[in-house]
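# Notes for the structure review
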Amino acid sequence: MKRQLGTIMVLLMTVFIGFGIIIPVLPAMVESKGEVNFHLALLLSLYSAASFLMSPIWGGLSDRWGRKPILLIGLFGFGVSFFIFGMSGHHLGWMYTSRIIGGLFSGAVTSCAVAYVADITTEENRTKGMGLVGMAIGLGFIFGPPIGGVLSLIHLNAPFFAASILSFLLVAFTAKFLTESLPAAMRSVHTKVKQSSRWTAFSGAIKYLYVLSFFVSFSLAGLETTFQLFQIKHIGATPFQVSMMFFVSGIVGALIQGGVVRKRIKKGGEKKAILIGLILSAIGFFLILLSSNVITAAIYMSVFGAGNALIRPCVLSLITQRTTVGQGIATGLSSSMDSLGRILGPLMGMALYGLSISLPFAVSGILSLAAVMLLMKFAKHIHYAT
């Protein structure tokens, strides 16, 4: 199991390094087209919308065909999407085509990788596995943007070609080193329930976890959209200083997931960890409003990052423990809810920011506290069920 987990961690970290590589240059690629914010937001939203639609489908297919074939398809699709963007020559039509293709294939990678971890871990060490997944993704996002910034010095298109090459190399890596986690006998069981599984996945106590997952993604996406604008206006921070705030927060999150979640949270302790995470996230949102300089802003952002790092792997762990359908369907639906939050979160964030620069963080803090009610509903439901 350790070798399989290590392989998945390398795969996920490399995928998200490739994803993070393009972050510094994406705004510059659309800068010459006018209405930069509109096109940038639409490029990101279309990616999330495509992922929202396809993630449960990829998850269901992985329950029927196995995780490895779907992962290979997803990685190849990622590589093609980055290559198209690199070749777009700043042509908006090709940029949009690239992002839609990337979104369509993203669920094949993320949801199947999480389902893979659920396959190879027991319920007792499931949270440990999900903590490692979160840490791998977080490390990818930490190291990806700086690498992209360096590559952009060569050419604005260079990060996209680098991400494409990484994706194609991962196809070969996965084909050679990753063993299938879902035996053929288990695939036949999932095939028999495929007609009803997508609907039954969002039912019972587990539906509260899916909605909770949406709220967490929704508030996070709103923060990512407005945080830089707020800190530039509120304390006069530079884009570089804001990127360092995200870097510090990312390091804290990776340490929480790789240390606290992996080593300290056992089966049965997930609900308490989620509660602490929601409270920390809310405190972080409210503290951000009190930022007075770069240091305090980084500290307050890290408080939020710590809370978020506790929530996400524990929610995923509970979903994979409690699901009554295939792990692919369950993790695909979770990925879909995450994408829905990333579609609506930036829209909410920018709308609230237009009314007052403080509103996105105040509202997200309130939503984090309100999400405690969803956790209580889940706990109450499973208590009565047992």
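Since the structure is predicted, the reported quantities are computational estimates derived from the model, not experimental observations. (Residues numbered from 1 in each chain as written. Predicted model: local features only at pLDDT ≥ 70, side-chain atom pairs only at ≥ 80, totals over all residues. Heavy atoms only, no water.)

### Some thoughts on the overall build of the protein
Counting secondary structure elements, the protein contains 15 helices and zero strands. Relative to the compact-globule value of 21 Å for 386 residues, the protein shows a C-alpha radius of gyration of 20 Å, a close match. Oriented by its inertia axes, the alpha-carbon framework of the protein measures out at about 55 × 45 × 35 Å. Of the contacts made within the protein by residues no fewer than 6 positions apart, 85% connect residues no fewer than 24 positions apart. Positive and negative charge centroids in the protein, built from 28 and 10 side chains respectively, lie 6 Å apart. (Helix = DSSP H or I, 4+ residues; strand = E, 2+ residues; numbered from the N terminus. Rg over C-alpha atoms; globule rule 2.2 N^0.38 Å. Contact = heavy atoms within 4.5 Å. Lys, Arg positive; Asp, Glu negative; His and termini not counted. Charge placed at Lys NZ, Arg CZ, Asp CG, Glu CD.)

### Some details on the side chain of Asp338
Along the chain, Asp338 falls in helix H14 (residues 327-355). For Asp338, the contacting residues outside a window of four places in its chain are Ser217 and Arg312.

### Section: empty space enclosed by the protein
The tally for this structure, following the rule as stated, stands at two cavities of 30 Å³ or more. Put simply, the largest cavity is a space of about 80 Å³. Elements that contribute at least two residues to the lining of the largest cavity include exactly helix H10 (206-234), helix H12 (270-288), helix H13 (294-322) and helix H15 (359-385). For the lining of the largest cavity, the per-class residue count stands at nine nonpolar, five polar and no charged. In this model, the second largest cavity occupies a volume close to 30 Å³. (1 Å grid on protein atoms, 1.4 Å probe; cavity = no way out; pocket = protein on both sides within 12 Å on 5 of 7 lines; lining within 4 Å. Points joined across faces, edges and corners; volume = space filled by probe spheres on them. Nonpolar A, V, L, I, M, F, W, Y, C, P; charged D, E, K, R; others polar.)

### Here's the deal with the environment of Leu220
Position of Leu220 among the secondary structure elements: in helix H10. Contacts of Leu220, omitting those with residues within four sequence positions, involve Phe304, Asn308, Arg312 and Arg342.

### Notes on the packing of helix H11 (residues 239-264) against H13
Axis separation between H11 and H13 bottoms out at 8 Å; the angle between their running directions is 35 degrees. Taken as a pair, H11 and H13 cross one another with a handedness that is right-handed. Between H11 and H13, the residues in contact are Gln241, Met245, Phe246, Val248, Ser249, Val252, Gly253, Ile256, Gln257, Val260 and Val261 and Val294, Ala297, Ala298, Met301, Ser302, Gly305, Ala306, Ala309, Leu310 and Pro313, respectively. Across the contact of H11 with H13, the residue classes tally to 15 nonpolar, six polar and no charged. (Axes fitted to C-alpha atoms, helices over the stretch in contact; angles between N-to-C directions. Left-handed = near helix turned anticlockwise from the far one by under 90°.)

### Considerations on the nonpolar core
One finds Ile8, Leu12, Val15, Leu75 and Val109 to be the most contacted residues of the largest nonpolar core, which totals 47 residues. Those elements that provide at least two residues to this core are helix H1 (2-21), helix H3 (36-65), helix H4 (67-86), helix H5 (92-120), helix H6 (126-152) and helix H7 (158-177). Apart from the residues lying within four places of it in its own chain, the contact partners of Leu75 are Leu11, Val15, Val109, Ser167, Leu170, Val171 and Thr174. Counting residues in each nonpolar core, the second largest holds 34 residues, with Phe218, Ile311, Cys314 and Val372 among its members. (Core = buried A, V, L, I, M, F, W, Y, C linked by side-chain atoms within 4.5 Å. Buried < 20%, exposed > 50% of the residue type's maximum accessible area, 1.4 Å probe, protein only.)

### Some thoughts on H10
Quick reminder: α-helices carry 3.6 residues per turn. Residues three or four places apart thus point the same way. Taking 1.5 Å of rise per residue, the 29 residues of H10 would be expected to cover 42 Å, and the 40 Å separating its terminal C-alpha atoms lies within 8% of that figure. Within two residues after H10, Gly236 carries a phi angle of roughly 70 degrees, on the positive side. (Expected span 1.5 Å × (residues − 1).)

### What about the side chain of Ser51?
Its place among the elements puts Ser51 in helix H3. Since its relative accessible area comes to 4%, Ser51 is described here as buried. Within polar-contact distance, the side chain of Ser51 engages the side chain of Ser339 at 2.9 Å. If we skip the residues at most four places from it in the chain, Ser51 touches Gly103, Leu104, Ser106, Gly107, Ser335 and Ser339. (Polar contact = N/O pair within 3.5 Å; in protein donor to acceptor, adjacent residues only side chain to side chain.)

### As for the packing of aromatic side chains
Tallied over the entire structure, the rule returns 11 aromatic pairs. Geometrically, the ring pair formed by Phe83 and Phe161 is edge-to-face, given 5.9 Å between the ring centres and 65 degrees between the ring planes. Taken together, the residues Phe83 in helix H4 and Phe161 in helix H7 connect sequence positions 78 residues apart. Of the residues examined, Phe83 reaches a relative accessible area of 42% and is grouped as partly exposed. With relative accessibility at 26%, the residue Phe161 sits in the partly exposed group. Among the aromatic side chains, those forming a connected cluster through ring pairs are Phe214, Phe215 and Phe218. Sitting above the plane of the Phe177 ring, Lys176 keeps its charged end 5.6 Å from the centroid. (Phe/Tyr/Trp six-rings, centres within 6.5 Å; stacked < 30°, edge-to-face > 60°. Lys NZ or Arg CZ within 6 Å of the ring centre and 35° of its normal.)

### As for the pattern of salt bridges
The full count for this structure, using the stated rule, is five salt bridges. Notably, a salt bridge pairs Asp63 with Arg67, separated by 2.7 Å at the nearest N-O pair. According to the relative accessible area criterion, Arg67 is buried, its value standing at 0%. A salt bridge links Arg342 to Glu224, with the shortest nitrogen-to-oxygen separation between them at 2.9 Å. With Arg342 in helix H14 and Glu224 in helix H10, this pair connects stretches of sequence that are 118 residues apart. A cluster of three or more residues bridged by salt bridges with shared partners is formed by Glu224, Arg312, Asp338 and Arg342. (Salt bridge = Lys/Arg side-chain N within 4 Å of Asp/Glu carboxyl O.)

### Remarks on H11
Taking 1.5 Å as the rise per residue, H11 with 26 residues should run 38 Å; its terminal C-alpha atoms sit 36 Å apart, in good agreement. Ile256 marks where H11 bends most, by close to 30 degrees. Within H11, the full set of buried residues consists of Val242, Met245, Ser249, Gly253, Ala254, Ile256, Gln257, Gly258 and Val261. Of the surrounding secondary structure, the elements contacted by the buried residues of H11 are H6, H10 and H13. (Bend = angle between axes of the 7 residues up to and from the residue.)

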